[in-house]
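Residue-level listing of the chains:
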Amino acid sequence: MGLVKTAIRFAVPLPKVEAFDRYLFVGPHPDDIEIGAGATVKKLTEMGKHVVFLICTDGRFGDGASHGVTGDDLAALRRQESVASASQLGVTDVRFLDLCDGAGYTEAALEQGIAETLAAVQPDLVFAPDPNAKSECHADHLAVGCAVRKLVCFAPYDSLMRARYGVPASPVKGVAFYMTARPNRFVKTGRRLTAQMDAIFQCHKSQYPEGSPEADALRLYLKLRSIQFGFRTLSSGAEAFRVLGQTHLHCLPESGEIG
């Protein structure tokens, strides 16, 4: 590692995920938060942290369509599944933007909804899918990740937030990207993989029917991912994120290479 990167590590350390009190998890669809960070959510709620879910789209074009549930009916079912799944992880505050799945919304509408939620929740740390993952192709994941990245940078500036979105500032200290290929922070989650699995497979049955190839593949992936990151942290299981503080977001281009 070069001298500048080393200096950044010591002079401007990356935020520690568990160090805050208030968290907002933003998901493009119902089930994305649970897949990307469910075990971490469970750990935070067990620690007594204030955790809120924001689900941006209604999920009407999800896999439930292949089982005969479509349109408004599937959107309503997925909302119910989201609330039940969040409850499994200890989260009681689940909010919905109800934007149309499949990028059926404007960038402005997405940003406005997230901005209003930031103002209402006043989180310290915001989670979202990583829009910079090279393999990420889903329009909703990319749109939500980019919107959160932009708003996290703007959030502490009251005059800017009021002028652009008509809402007050929020004390956001940084962002934690899940579903990332370049993690730089790891959260030891251990036994909480079980709670994560229950939240996904007991609650999101419209997407992962018992015994389906999709469910079996995701179970295996989550187990292997937890083990792999567990090795990195000398623990029985872990989740990984790309975390950036406010200074890393717009002043330190070298921080993008720290991992």
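What you are looking at is a predicted structure, and each value in this text was computed from that prediction instead of being measured.

Asks: Could you give me a rundown of helix 3 (residues 71-88), with the residues and numbers involved?
Replies: Spanning 18 residues, helix 3 covers 26 Å between terminal C-alpha atoms, matching the ideal 26 Å at 1.5 Å per step. The positive-phi residue at the C-terminal boundary of helix 3 is G90, with phi of around 90°.

Asks: Outline the packing of aromatic side chains, listing residues and values.
Replies: One pass over the full model with this rule turns up 7 aromatic pairs. Between F201 and Y208 the ring centres are 5.9 Å apart and the planes differ by 75°, which places this aromatic pair in the edge-to-face class. Following the ring pairs from residue to residue traces out a cluster consisting of F20, Y23, F25, F53, F127 and F241. Its end group placed over the ring of F96, R79 keeps NZ or CZ at 4.1 Å from the ring centre. The ring of F201 carries R219 above its face, with NZ or CZ at 4.1 Å from the centroid.

Asks: Lay out the packing of helix 5 (residues 139-154) against helix 6 (residues 158-165) in plain terms, naming residues and giving numbers.
Replies: The contact between helix 5 and helix 6 brings their axes to 9 Å, and the two run at 135°. It follows from the interaxial angle that helix 5 and helix 6 lie oblique. Two secondary-structure elements touch here, helix 5 through K150, L151 and F154 and helix 6 through L160, M161, R164 and Y165. Broken down by class, the residue content of the contact of helix 5 with helix 6 amounts to 5 nonpolar, no polar and 2 charged.

Criteria and cut-off values
Residues numbered from 1 in each chain as written. Predicted model: local features only at pLDDT ≥ 70, side-chain atom pairs only at ≥ 80, totals over all residues. Heavy atoms only, no water. Helix = DSSP H or I, 4+ residues; strand = E, 2+ residues; numbered from the N terminus. Expected span 1.5 Å × (residues − 1). Phe/Tyr/Trp six-rings, centres within 6.5 Å; stacked < 30°, edge-to-face > 60°. Lys NZ or Arg CZ within 6 Å of the ring centre and 35° of its normal. Axes fitted to C-alpha atoms, helices over the stretch in contact; angles between N-to-C directions. Parallel < 35°, antiparallel > 145°, perpendicular 65-115°, else oblique. Contact = heavy atoms within 4.5 Å. Nonpolar A, V, L, I, M, F, W, Y, C, P; charged D, E, K, R; others polar.

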